[in-house]
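In case you want the letters, here they are:
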Amino acid sequence: MIDIVKAVQEADPSLGSYVIVLRADARALAAPDRLSDAAAAWIAEQAPEARLARVGIALAPYPGGAPAERTVTVLAFPDARQLAAFATAWTADPEPEEDAPAA
């Protein structure tokens, strides 16, 4: 993951130091270029300065592999606290509903 973040920062320095690369199946995304309504509302309330971007990078699929072009979805934050809050709220597994039986 560090390699991806480094490649993103090199490809688009305007994103700054505090970026998180979202997987294509991230629950915060409605589409590769759009946050879900709930995630967008969270951003508007908790981190209104955050910026969603699509960035093209060259990334090796495994150490020593030939780099291939990929476009990744990135959220850039103005500070580490906002990035950490987003990661805590949106990258952890969602809590089960209280009515749902435990597995």
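About the thresholds
- Residues numbered from 1 in each chain as written.
- Predicted model: local features only at pLDDT ≥ 70, side-chain atom pairs only at ≥ 80, totals over all residues.
- Heavy atoms only, no water.
- Pairing = 2+ DSSP bridges.
- Helix = DSSP H or I, 4+ residues; strand = E, 2+ residues; numbered from the N terminus.
- Buried < 20%, exposed > 50% of the residue type's maximum accessible area, 1.4 Å probe, protein only.
- Arc of directions from axis to C-beta.
- Contact = heavy atoms within 4.5 Å.
- Phe/Tyr/Trp six-rings, centres within 6.5 Å; stacked < 30°, edge-to-face > 60°.
- Polar contact = N/O pair within 3.5 Å; in protein donor to acceptor, adjacent residues only side chain to side chain.

S.K.: Can you walk me through the pairing of strand E5 (residues 68-77) in this structure?
M.R.: Residues in a regular strand point their side chains to alternate faces of the sheet. Alignment of strand E1 (residues 18-22) against E5, held across five bridges, turns out to be antiparallel. Following the sheet pairing, valine 19 is matched in E5 by alanine 76. Bridge count for strand E4 (residues 51-59) against E5 is nine bridges, and the pairing is antiparallel. Its bridge partner lying in E5, valine 55 is registered against valine 72.

S.K.: Looking at this model, I keep getting lost on helix H2 (residues 37-46). Mind explaining?
M.R.: Given 3.6 residues per turn, any residue in an α-helix points the same way as the ones three and four places further on. Every buried residue of H2 is listed here: Ala39, Trp42 and Ile43. Down the axis of H2, the smallest arc covering the buried residues is 100°, so these residues share one side. Relative to its buried face, H2 has exposed residues pointing more than 90 degrees away, namely Asp37, Ala44 and Glu45. As for H2, its buried residues are in contact with strand E3 (34-35), E5 and helix H3 (80-90).

S.K.: Explain the packing of aromatic side chains to me, please; I cannot follow it from the model alone.
M.R.: Following the criterion strictly, the structure yields three aromatic pairs and no others. Where phenylalanine 77 meets phenylalanine 86, the ring centres are 5.6 Å apart and the plane angle is 40°; that geometry is what we call tilted. Taking relative accessible area as the criterion, phenylalanine 86 reaches 0% and is therefore assigned buried. Both rings, one in phenylalanine 86 and one in tryptophan 90, keep their centres 6.5 Å apart while their planes meet at 20°; by these two values the pair is stacked. Here tryptophan 90 and phenylalanine 86 lie together in helix H3, a separation of four residues that amounts to about one turn.

S.K.: Would you mind going over the side chain of glutamine 82 with me for this structure?
M.R.: Within the element layout of this structure, glutamine 82 appears in helix H3. Polar contacts involving the side chain of glutamine 82 include one to the side chain of glutamate 49, which spans 3.2 Å.

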